[in-house]
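Listed here are the chains, written in short residue letters.
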Amino acid sequence: MADERTFVIVGASLAGAKAAETLRAEGFTGAVLLIGEETERPYERPPLSKAYLQGSEEAREKAFVHPASWYDENNVDLRLATRVTHLDPVAHTVTLDGVDPVRYDKLLLTTGSRVRTLPVPGAELTGVRYLRTVDESDALLAHLRIASNVVVVGAGWIGLETAAAARKHGATVTVVEQASLPLQRVLGDEVATVFADLHRANGVDFRFGTSVSSFDGDGTLSSVTLTDGTVLPADIAIVGVGIQPNTELAVDGGLEVDNGILVDAGLRTSDPDIYAAGDVVNLEHPWLGRRIRVEHWANALNGGKAAGKALLGEPVVFDRVPYFFSDQYDLGMEYSGFAEPGGYDRVVFRGDVAAREFIAFWVKDGRVLAGMNANVWDVTDDIQQLVRAGYAGRPVDLARLADPDVPLGDLLG
Ligand SMILES: Cc1cc2nc3c(=O)[nH]c(=O)nc-3n(C[C@H](O)[C@H](O)[C@H](O)COP(=O)(O)OP(=O)(O)OC[C@H]3O[C@@H](n4cnc5c(N)ncnc54)[C@H](O)[C@@H]3O)c2cc1C
């Protein structure tokens, strides 16, 4: 008998596209609607601040989650340039562009996140740029090709990756950051210093302990004034001051929301027929012992797949180790786990930090809470095992943890 059910996915990006793929891979034959307000079919964002922003044409094609023909071939009704404006969980409908109600049996929200903006004078000037979408990456790339002076506001992942791209294009780059090191909150002083040194070695000038008081220019940006009074000449200001989850639709539907859509470990929201995945969720993580909102690629990829299964009623426990990666100049890194500022008592290094070939472990009472491999590869599985064991209360010998001659896999004995 034909499956008459309709599954609607709102948010046509990585998490949404992976959920649609999983539905078909698992044999679902009902209707699948994948709705997104962007004009491009689902793509991955990481290249937008890396290879693509450095001018690689190949990176653009590779960024798409599926070939254009995939959606028709798999009978996935992809509606682009369409915004879902209303959610009625009682009627089981979503409204498209304010007019068109569509009925769902199960709904998946993968609405992701958007950039935080900087509300200072001059924010509307041409040349003040943000980076979230492929269009913004296109525009930034075109501008970087001709820019002389680039000011990056915020030394987080996006800020640092775009700083590296701007250096590649030959611009003078100044990074402005309120804290006293880049990535300080995420990595702590010991590892943050590695990134400060890396960028300085590549010609980046940092201004720490200050922020932007205004963007200046006559229609077009010409300089950035900092709160300490410094005036920096600028053709481009790239603002990377964080993101916020797109929870408006969930709020509209009366779902529970608190720093993201609240979901249980099975990715189910407070409504039994509505699930959520990717950047937008605040997950009740099964073994971290807390809720967590993860704003990274692997979480969207794996969360999308898990949500596809959850929509089908398969038992799902989304218990992955939080993971992200970054590439800046010749440094590639992966981070697994979760270590909050103040939540660990020391950082243990294994390898050659000066040569930027090492693993760093964030440790509390001998337990590994997180690990970051920099220019050391094929260790993620081992690091994630250490993190799982650490959260389960199992300590490791720290001298052996620091010793590159001891295989990571031997540490748990
Ligand atoms: C420049 C850049 C570089 C990155 N680099 C890395 C990296 O190196 N490593 C890493 O781990 N992560 C990286 N990330 C993060 C990663 O890309 C995100 O975690 C991932 O994109 C999240 O996917 P998502 O599907 O949950 O949401 P999103 O990608 O945010 O997509 C959500 C989609 O939903 C749409 N939408 C929202 N509301 C509605 C609505 N009401 N109606 C219709 N459509 C709607 C949005 O327009 C959007 O297309 C990067 C992000 C950016 C922007």
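Quick look at the structure, then. (Residues numbered from 1 in each chain as written. Predicted model: local features only at pLDDT ≥ 70, side-chain atom pairs only at ≥ 80, totals over all residues. Heavy atoms only, no water.)

**Observations regarding the site of the ligand**
Point 1. Residues in contact with the ligand amount to 33 residues; listed here are only the nearest, Ser13, Glu38, Arg45, Lys50 and Asp279.
Point 2. Side-chain polar atom of Arg132 to an oxygen atom of the ligand: 2.8 Å apart, as the coordinates give it.
Point 3. Note that an oxygen atom of the ligand is positioned 3.1 Å from one of the backbone N or O atoms of Trp297.
Point 4. Here the ligand loses 95% of its free accessible area of 990 Å² to cover by the protein chains.
Point 5. Mapped onto the shell around the ligand, the elements with two or more residues apiece are α1 (14-25), α5 (157-168), α8 (297-311) and β22 (323-328).
Point 6. Here the residues of the shell around the ligand are counted per class, giving 12 nonpolar, 12 polar and nine charged. (Near = heavy atom within 4 Å. Polar contact = N/O pair within 3.5 Å; in protein donor to acceptor, adjacent residues only side chain to side chain. Areas by Shrake-Rupley, 256 points an atom, 1.4 Å probe, with all protein chains shown as cover. Helix = DSSP H or I, 4+ residues; strand = E, 2+ residues; numbered from the N terminus. Nonpolar A, V, L, I, M, F, W, Y, C, P; charged D, E, K, R; others polar.)

**Section: the packing of aromatic side chains**
Point 1. The final tally for this structure, using the stated rule, is 10 aromatic pairs.
Point 2. With a centroid separation of 4.9 Å and 10° between ring planes, the pair formed by Phe324 and Tyr335 is classed as stacked. A residue pair is termed long-range when its members are at least 10 positions apart, and Phe324 in strand β22 and Tyr335 in strand β23 (residues 331-337) qualify at 11 residues. Each member of the pair Phe324 and Tyr335 is classed as buried.
Point 3. One aromatic cluster is present, built from ring pairs that chain together Trp157, Phe195, Phe324, Tyr335 and Trp362. (Phe/Tyr/Trp six-rings, centres within 6.5 Å; stacked < 30°, edge-to-face > 60°. Buried < 20%, exposed > 50% of the residue type's maximum accessible area, 1.4 Å probe, protein only.)

**Examining the packing of α5 against helix α6 (residues 184-201)**
Point 1. Where α5 contacts α6, the axes come no closer than 12 Å and their chain directions differ by 10°. As far as their axial angle goes, α6 and α5 are roughly parallel. Contacts from Trp157, Leu160, Ala163 and Ala164 in α5 reach Val186, Leu187, Phe195 and His199 in α6.
Point 2. When the residues that make up the contact of α5 with α6 are grouped by side-chain class, the tally is seven nonpolar, one polar and no charged. (Axes fitted to C-alpha atoms, helices over the stretch in contact; angles between N-to-C directions. Parallel < 35°, antiparallel > 145°, perpendicular 65-115°, else oblique. Contact = heavy atoms within 4.5 Å.)

Function cannot be read off these values alone, since they describe shape.
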